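Structural features, examined
Chain by chain, the residues run as shown.
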Amino acid sequence: MKKTKGERIYSVFCYAVCTIVGLLCLYPLVYCLFVSLTTKREVAQNGGFVTWFPRQPTLLAYKKVLSNTSFVGRALQITMARTVLGSLLGLAVNSLAGYALSRKDLPGRKLFLSLMLVPILFGGGLIPTYLVIQSLGLIDTFWVLVLPTLFSAFNVLIFKQFFEGIPPSLEEAALVDGVSELKLFTRIILPMSKPVMASIGLFTVVGQWNSWFDGFLYIGQTHADLWPLQTYIMQMFNNMNNMNNPEIVQMMISLKQASSTGADVPELATRMALTLVTLAPILIIYPFFQKYFTSGVYMGAVKE
């Protein structure tokens, strides 16, 4: 169908707005890249600013960051561990809860569905949440980064809607053949749920990887060896209030040495390089799962 002149003008306007918004969102990432590749001499020549791709780019900032394994490597291990465990266990818990709520014969199903809306609409509050976690003995432990993040009412409802879209005749045929409920879920339902599993899984991975506030809130400075990488970066950029902590002091000394020992690399370039290193895994895996977003989130949301 041929578009009218007004429709073409509207399409051009929409594309222009989306392009401008996309460039504005991309600019901070590009700026971090430019700064991380810039030498100290070039920053001084530009009056302390980096406006475009450096004339003499160097990867020395990345080399210094990756070679400084005293805190980066340890924090990276914590982040990877919490991301893997939190994502896998979260998918298991939320998918099982969603499957149970999708069963029409579940006793108290309407009550459970009503209760699921409460954590979506209302938060428990920071202090009550902290007191609950403290009473469970999770403060200053690795599991405080994993266990409180496993259950998500929103993800459970997404799984529920998806499972309700699976034809009941398929499940009935499997049960007639003698398949148990557990095998029905693991061998039939889950293989058919790859889109929703991939989309929810990616949301969970991104949330686990980027999370820093729980490490900052529930793990004290005396247990800084349990901080995830994002918490370390936050502390690095806000180190003025934490110079009484030996861990922070050692981290800042290592970072300064990385940016000054035999290298013409400013400290800001090292920080930007560290920021991009933490973003790299998410930027790499995101395109492979993007195609599942629409089918995974919206499949089952509309009933035929």
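Keep in mind that this is a model prediction, so the values were computed, not measured. (Residues numbered from 1 in each chain as written. Predicted model: local features only at pLDDT ≥ 70, side-chain atom pairs only at ≥ 80, totals over all residues. Heavy atoms only, no water.)

The next thing to look at is the overall build of the chain. What the chain contains, in helices and strands, is 15 helices and 0 strands. Out of the 304 residues belonging to the chain, those deemed buried represent 37%. For the chain, the exposed area adds up to about 17,900 Å²; of that, 69% sits on carbon and sulfur atoms. (Helix = DSSP H or I, 4+ residues; strand = E, 2+ residues; numbered from the N terminus. Buried < 20%, exposed > 50% of the residue type's maximum accessible area, 1.4 Å probe, protein only. Areas by Shrake-Rupley, 256 points an atom, 1.4 Å probe, with all protein chains shown as cover.)

What follows is about a nonpolar patch on the surface. On the surface, Leu111, Phe112, Leu115, Leu117, Val118, Ile120, Leu121, Phe122 and Phe154 cluster together into a nonpolar patch covering about 920 Å² of accessible area. It is helix H5 (residues 109–121) that contributes the most residues to the nonpolar patch, 7 residues altogether. By the secondary structure assignment, leucine 121 is in helix H5. (Patch = residues over 30% accessible without salt bridge, like charges linked within 9 Å, V, L, I, M, F, W, Y side chains within 5 Å. Salt bridge = Lys/Arg side-chain N within 4 Å of Asp/Glu carboxyl O.)

With that settled, consider helix H1 (residues 5–36). Relative to the 46 Å expected for 32 residues at 1.5 Å per residue, H1 spans 46 Å between its end C-alpha atoms, a close match to the ideal helical length. Along H1, the residues classified as buried are Ser11, Cys32, Phe34, Val35 and Ser36. (Expected span 1.5 Å × (residues − 1).)

Right, let's talk about the packing of aromatic side chains for a bit. Inspection of the entire model under this criterion finds 12 aromatic pairs. Look at tyrosine 27 and tyrosine 31: their rings are 6.0 Å apart centre to centre, the planes differ by 35 degrees, and that puts the pair in the tilted class. On the criterion of helical spacing, the pair formed by tyrosine 27 and tyrosine 31 is a turn pair, its members being 4 residues apart in helix H1. Taking the centre distance of 5.8 Å and the plane angle of 20 degrees together, the rings of tyrosine 130 and tyrosine 218 count as stacked. Of this pair, tyrosine 130 sits in helix H6 (residues 126–135) while tyrosine 218 sits in helix H11 (residues 213–218), placing them 88 residues apart in sequence. Using a relative accessible area of 8% as the deciding quantity, one classes tyrosine 218 as buried. Following the ring pairs from residue to residue traces out a cluster consisting of Tyr99, Phe159, Phe162, Phe163 and Phe185. (Phe/Tyr/Trp six-rings, centres within 6.5 Å; stacked < 30°, edge-to-face > 60°.)

Glancing now at the pattern of salt bridges. In the structure shown here, the tally under the stated rule is 4 salt bridges. If you follow the salt bridges from partner to partner, you end up with Lys104, Arg109, Lys160 and Glu164 in one network.

Core analysis: the largest hydrophobic core is formed by 31 residues, its most contacted members being Val144, Leu145, Ile219, Tyr232 and Leu274. Of all the secondary-structure elements, those providing two or more residues to this core are H1, helix H3 (60–67), helix H4 (72–101), helix H12 (229–237) and helix H14 (267–289). Ranked by residue count, the leading element in this core is H14, at 5 residues. By size, the runner-up hydrophobic cluster in this structure holds 13 residues, among which are Ile166, Leu184, Ile189 and Val196. (Core = buried A, V, L, I, M, F, W, Y, C linked by side-chain atoms within 4.5 Å.)

Direction vectors running N to C along H4 and helix H10 (residues 194–210) enclose 145 degrees, while the axes themselves pass 9 Å from each other. The crossing of H4 and H10 is right-handed. Taken together, the residues of H10 that come into contact with H4 (itself represented by Leu76, Thr79, Met80, Arg82, Thr83, Gly86, Ser87, Leu91 and Ser95) are Met197, Ile200, Gly201, Thr204, Val205, Gln208 and Trp209. Its residues assigned to classes, the contact of H4 with H10 comprises 7 nonpolar, 8 polar and 1 charged. (Axes fitted to C-alpha atoms, helices over the stretch in contact; angles between N-to-C directions. Left-handed = near helix turned anticlockwise from the far one by under 90°. Contact = heavy atoms within 4.5 Å. Nonpolar A, V, L, I, M, F, W, Y, C, P; charged D, E, K, R; others polar.)

A few words on the side chain of threonine 79. By the element assignment, threonine 79 lies in helix H4. For threonine 79, a relative accessible area of 1% corresponds to the buried category. Within the structure, the side chain of threonine 79 is placed 2.7 Å from the backbone nitrogen of leucine 229, a separation counted as a polar contact. (Polar contact = N/O pair within 3.5 Å; in protein donor to acceptor, adjacent residues only side chain to side chain.)

This brings us to unusual backbone geometry. Residues other than glycine seldom take positive phi values, yet aspartate 140 does so here, at roughly 60 degrees. With respect to the helices and strands, the residue aspartate 140 is situated in the loop between H6 and helix H7 (153–164).

Further remarks concern the environment of glutamine 56. Position of glutamine 56 among the secondary structure elements: in the loop between helix H2 (40–45) and H3. Assessed through its relative accessible area of 54%, glutamine 56 is described here as exposed. Once the C-alpha coordinates of glutamine 56 and threonine 39 are considered, the two residues, 17 residues apart in sequence, prove to be 7.5 Å apart. Excluding its chain neighbours within four sequence positions, the residues that come into contact with glutamine 56 are Leu37, Thr39 and Glu42.

For the rest of this paragraph, the subject is the confidence of the model for the chain. Should pLDDT be low for a region, the predicted coordinates there are not to be read in detail. Model confidence for the chain is summarised by a mean pLDDT of 79, while 81% of its residues fall at 70 or above. Within the model, the stretch residues 258–262 combines pLDDT values under 50 with 7 contacts to residues more than four positions away or in other chains. (pLDDT = per-residue confidence, 0-100.)

Assignment of secondary structure puts phenylalanine 34 in helix H1. On the accessibility criterion, phenylalanine 34 (11% relative accessible area) is buried. The sequence separation of phenylalanine 34 and proline 57 amounts to 23 residues, and the corresponding C-alpha distance is 8.3 Å.

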